[in-house]
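# Fold and geometry: a report
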Amino acid sequence: MTIWEMFAVFVAGISAGTINTIVGSGTLITFPVLLATGLPPVTATVSNGLGLIPGSVSGAIGYRAELAGQGRRVLKLAIGALVGGLTGAVLLLTLPSTAFETIVPILVALALVLVILQPRISKAVQRRREHDGTSARPDGGPLLFVGLMLASVYGGYFTAAQGIIYLSLMGMLLDDTMQRLNAVKNVLAAIVNSVAALFFLFVADFDWTAVVLIAVGSALGGQIGAKVGRRLSPTVLRVLIVAVGTVAIVQLLLR
């Protein structure tokens, strides 16, 4: 890489770490930049995944206050994220590169619809529970576990807009604030990135210059994202999710 290419990758890492912590979809920033430097798609994907781990961890640490009292929930959902992330990593090396290109924009669009409708869905579910005399399950039940595991399969494969899918599923099935759900999302994303990257370490080629630049940049971005994201109101956070998700869909369709 030239000096200017290294600078571009570093800045992309900061941007990705910031937006991943607040919403998700940071890969849509780093991945095109890595391709522009001349890296092959698979090398760019695995290098990006490894480089974004510090950003995910940094963002999760920044949201540690919102994680208080969610240990059991996070532990259960983390198992599904781990299995899904590893499965997605295996699929990346065995399936053709176009395998998810058709379905991914559809998944992201559905996730955005759920994010938009989440307040109404939550109220309808709450009224139903009050009528039936039941209470919400703190872990979201089997439906959330399976949904997040499938989302993690995609996350281990590519990661773009993975966080948006997480937030839409949790917002629909968990009775909690957007900020606390965002904190869980950051932990799950860190797990998926980590397990996929560890798998790739043994079977794929990395560009270590790109890895280091994205790692340092995303770690800084994770702290920036946590400071900004934790100050956003639920409505503003939801609007930001929809805006970023819409950009993600457009970019995925144009690839």
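Residues numbered from 1 in each chain as written. Predicted model: local features only at pLDDT ≥ 70, side-chain atom pairs only at ≥ 80, totals over all residues. Heavy atoms only, no water.

The helix and strand tally for the protein chain stands at 12 helices and 0 strands. When the helices and strands of the protein chain are read in sequence order from the N terminus, they spell out α-α-α-α-α-α-α-α-α-α-α-α. Per-residue burial over the protein chain gives 51% buried out of 255 residues. Contacts spanning at least 24 positions in sequence make up 83% of the contacts within the protein chain whose residues lie at least 6 apart. When the accessible area of the protein chain is evaluated, it comes to approximately 11600 Å², of which 71% is carbon and sulfur surface. (Helix = DSSP H or I, 4+ residues; strand = E, 2+ residues; numbered from the N terminus. Buried < 20%, exposed > 50% of the residue type's maximum accessible area, 1.4 Å probe, protein only. Contact = heavy atoms within 4.5 Å. Areas by Shrake-Rupley, 256 points an atom, 1.4 Å probe, with all protein chains shown as cover.)

This part is about helix H6 (residues 71-94). Taking 1.5 Å of rise per residue, 24 residues should cover 34 Å, and H6 covers 35 Å from first to last C-alpha, within 8% of that figure. Residues of H6 that are buried include every one of Arg-73, Val-74, Leu-77, Ala-78, Gly-80, Ala-81, Gly-84, Gly-85, Gly-88, Ala-89 and Leu-92, and no others. Buried residues in H6 make contact with helix H3 (41-51), helix H5 (64-67), helix H8 (141-157) and helix H10 (178-203). (Expected span 1.5 Å × (residues − 1).)

Enumeration according to the criterion identifies 2 cavities of 30 Å³ or more in this entry. Approximately 160 Å³ is the volume attributed to the largest cavity. Taken together, 18 residues line the largest cavity, and the ones lying closest to its centre are Asn-20, Gly-24, Ser-56, Ala-189 and Asn-193. Going through the elements one at a time, helix H1 (3-22), helix H4 (53-62), helix H9 (162-173) and H10 are the ones with two or more residues in the lining of the largest cavity. In the lining of the largest cavity, the residues fall into 3 nonpolar, 14 polar and 1 charged. (1 Å grid on protein atoms, 1.4 Å probe; cavity = no way out; pocket = protein on both sides within 12 Å on 5 of 7 lines; lining within 4 Å. Points joined across faces, edges and corners; volume = space filled by probe spheres on them. Nonpolar A, V, L, I, M, F, W, Y, C, P; charged D, E, K, R; others polar.)

Per-residue pLDDT for the protein chain averages 81, and the proportion of residues at 70 or more is 84%. The secondary structure element of the protein chain with the lowest average pLDDT is helix H7 (residues 103-132), at 66, and the one with the highest is helix H11 (residues 208-229), at 92. (pLDDT = per-residue confidence, 0-100.)

Take a nonpolar patch on the surface next. A grouping of Val-42, Leu-93, Leu-198, Leu-201, Phe-202, Val-203 and Trp-208 is seen on the molecular surface, where their side chains present a nonpolar patch of about 710 Å² in accessible area. Ranked by residue count, the leading element in the nonpolar patch is H10, at 4 residues. Residue placement: Leu-201 occurs in helix H10. The exposure class assigned to Leu-201 is partly exposed, which follows from its relative accessible area of 37%. (Patch = residues over 30% accessible without salt bridge, like charges linked within 9 Å, V, L, I, M, F, W, Y side chains within 5 Å. Salt bridge = Lys/Arg side-chain N within 4 Å of Asp/Glu carboxyl O.)

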